[in-house]
Amino acid sequence: MPVSPAYRPEPRFFDLGEEYGDAVRPADFPETILRVRNDRAAATVGLESLTDSEWIAHFGRFEPLPGQPGPVAMRYHGHQFRTYNPDLGDGRGFLAAQLRDDRGRLLDLGTKGSGTTPWSRSGDGRLTLKGGVREVLAAAMLEAQGVPTSRALSLIETGEQLERGDEPSPTRSAVLVRLQHSHVRFGTFQRAAFFGRADQIEALVEHVRALYHPTVVEGDAPGLLAAIVAASARLTARWIAAGFVHGVLNTDNLNVTGESFDYGPWRFLPSYEPGFTAAYFDTTGLYAFARQPEAVFWNLTQLAGCLKLVADVEPLTEALNGFGPAYIRELRAAFLERLGVKSLGEAADQRLLDTTLALFREKGEAIRWEPLFHDWFAGFSSSARALAGPRAREWQGEAFDAFRFALFEHEPDRPERLQHPVFARPEPEEMLIGEVETLWSAIDTADDWSALYEKLARLEGTRAARA
């Protein structure tokens, strides 16, 4: 491929050595049909100039990009629904490349559905096409809502028929490539701690500190934990503000940069429901919507436990104790951003958060989650639009009056954004399960991708409108 000046390979995970991953070979797929190509994401790392054939060669056949040593399946352990599993690792994916983006950040190209690895156990190492489509949709919606998320760079259909026990089979197959800040998981540290390898913990601390949290002093494990706590609090708050339920918040699904990834049984709230779950197998509601902060904190305590091999308990505990205050600060900031208004100070910002949640509670199913943020974006500047819109009859009552008072205290943030055509529409873009199933049905029954592409274009419009 002709190398773009913006393409800057930097495969740094390999600095850690062979004990952290295994060189693997990608599957040889019978077909490679390009279905989704995210050129905006590709442009941030200098890959947008690839021809379609080059794209398929690198992201369907996994010919290494220039300066990249080839795929490696990362080793890690993890708690799955709080049960420790030492048999994890990249079982159907691998780290394909690392490169710098246009902001100078080190990013990973990671795969899903790229074939078996030493960690596949009894799995086939594949991804269903429906699973790939769902991940593309989740990432696009979350990015539009301002959530730190991996981006789906590529989705290629691979021509195999897969058997699955939880959906109609045989079903179509695909391979996904995601672009994200890091694939170093909490579970990466857990594996080293499981084997009592303080030397590996020290190596991971320095690797993560230097590449992802460089403001932390060298060798300061509690300082690194505090940085990961802060990033995780920001991520969790933004999930809540987005009405998002990840579904599987195991320690192998949280990373050191506080970026959301690996979207399996996710859901977005139809309306406010604290106990709303995403995974049908989450029978106790462990990872329900309102329990996500608790789940993330529990996972952070597992990470802290690993760091006890190289640091004292007291400063690690102090770092962990920062999660609660950081989460509340970030939740206020996330709701202000979603409502498009400026901060007025802690008390007024908290009042707006409280009254927004109180309005959701009072209205229940009468208002959906996303439309509130659409109708009242930029606060006072949206009054006429909201009160003439399809939910006008819902914008009344004591809870609404309290919300409106708190909202109108806050100055609109860049109200000129309301001129974007997105805000002229009566309804916002949502991502409820019924629409997801409709989009998939068109692909599954008629190989009609037009509705998916139109949805992705509208989500891009939403992202741009709120940027």
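Our subject is the structure listed above.
Cut-offs used in this document
- Residues numbered from 1 in each chain as written.
- Predicted model: local features only at pLDDT ≥ 70, side-chain atom pairs only at ≥ 80, totals over all residues.
- Heavy atoms only, no water.
- Helix = DSSP H or I, 4+ residues; strand = E, 2+ residues; numbered from the N terminus.
- Rg over C-alpha atoms; globule rule 2.2 N^0.38 Å.
- Contact = heavy atoms within 4.5 Å.
- Areas by Shrake-Rupley, 256 points an atom, 1.4 Å probe, with all protein chains shown as cover.
- Lys, Arg positive; Asp, Glu negative; His and termini not counted.
- Charge placed at Lys NZ, Arg CZ, Asp CG, Glu CD.
- Buried < 20%, exposed > 50% of the residue type's maximum accessible area, 1.4 Å probe, protein only.
- Pairing = 2+ DSSP bridges.
- Phe/Tyr/Trp six-rings, centres within 6.5 Å; stacked < 30°, edge-to-face > 60°.
- Lys NZ or Arg CZ within 6 Å of the ring centre and 35° of its normal.

Time to look at the overall build of the protein chain. When helices and strands are counted, the protein chain shows 15 helices and 13 strands. Scaling as 2.2 N^0.38, a compact globule of 467 residues should have a C-alpha radius of gyration of about 23 Å, and the protein chain matches this with 22 Å. Principal axes of the C-alpha set define a box for the protein chain whose edges measure 60 × 60 × 50 Å. Counted over contacts in the protein chain with a minimum sequence separation of 6, partners at least 24 positions apart contribute 72%. Surface summary for the protein chain: the accessible area is close to 18,200 Å², and the carbon and sulfur share equals 51%. Side chains of the protein chain give 50 positive and 65 negative charges; the mean places of these two sets differ by 2 Å.

What follows covers the pairing of strand β8 (residues 106–112). Buried residues dominate β8, accounting for seven of its seven residues. Both faces of β8 are covered, namely the face carrying Leu106, Asp108, Gly110 and Lys112 and the face carrying Leu107, Leu109 and Thr111. Relative to β8, strand β7 (residues 95–100) is paired through five bridges, and the arrangement is antiparallel. Along β8, the bridge assignment pairs Arg100 with Leu106. For β8 and strand β11 (residues 171–180), the ladder comprises five bridges, and the chain directions are antiparallel. When the sheet's bridge partners are listed, Leu109 is paired in β11 with Leu179.

With that settled, consider the packing of aromatic side chains. For the structure on display, the rule yields 31 aromatic pairs. Centroid distance Phe81 to Tyr287: 4.8 Å. Interplanar angle 40 degrees. Geometry classified as tilted. With Phe81 in the loop between β5 (78–80) and β6 (83–85) and Tyr287 in the loop between β13 (267–268) and α7 (292–307), this pair connects stretches of sequence that are 206 residues apart. For Phe81, a relative accessible area of 26% corresponds to the partly exposed category. Residue Tyr287 is classed as buried on the basis of its relative accessible area, which comes to 2%. Judged by centre distance (4.9 Å) and plane angle (10 degrees), the rings of Phe377 and Phe423 are stacked. Linking Phe377 in the loop between α11 (369–375) and α12 (383–387) with Phe423 in the loop between α13 (398–409) and α14 (433–446), this pair joins segments that are 46 residues apart in sequence. Across the pair, exposure class does not vary: Phe377 and Phe423 are buried alike. Following the ring pairs from residue to residue traces out a cluster consisting of Tyr272, Phe289, Phe335, Phe360, Trp369 and Phe373. The ring centre of Phe373 lies 4.6 Å from the NZ or CZ of Arg338, which sits over that ring.

The next thing to look at is the side chain of Arg126. Position of Arg126 relative to the elements: it lies in the loop between β8 and β9 (127–128). With a relative accessible area of 16%, Arg126 lands in the buried category. Ignoring anything within four residues of it in the chain, the contact list for Arg126 reads Ala27, Phe29, Arg92, Gly113, Gly115, Thr116, Glu160, Leu162 and Arg164.

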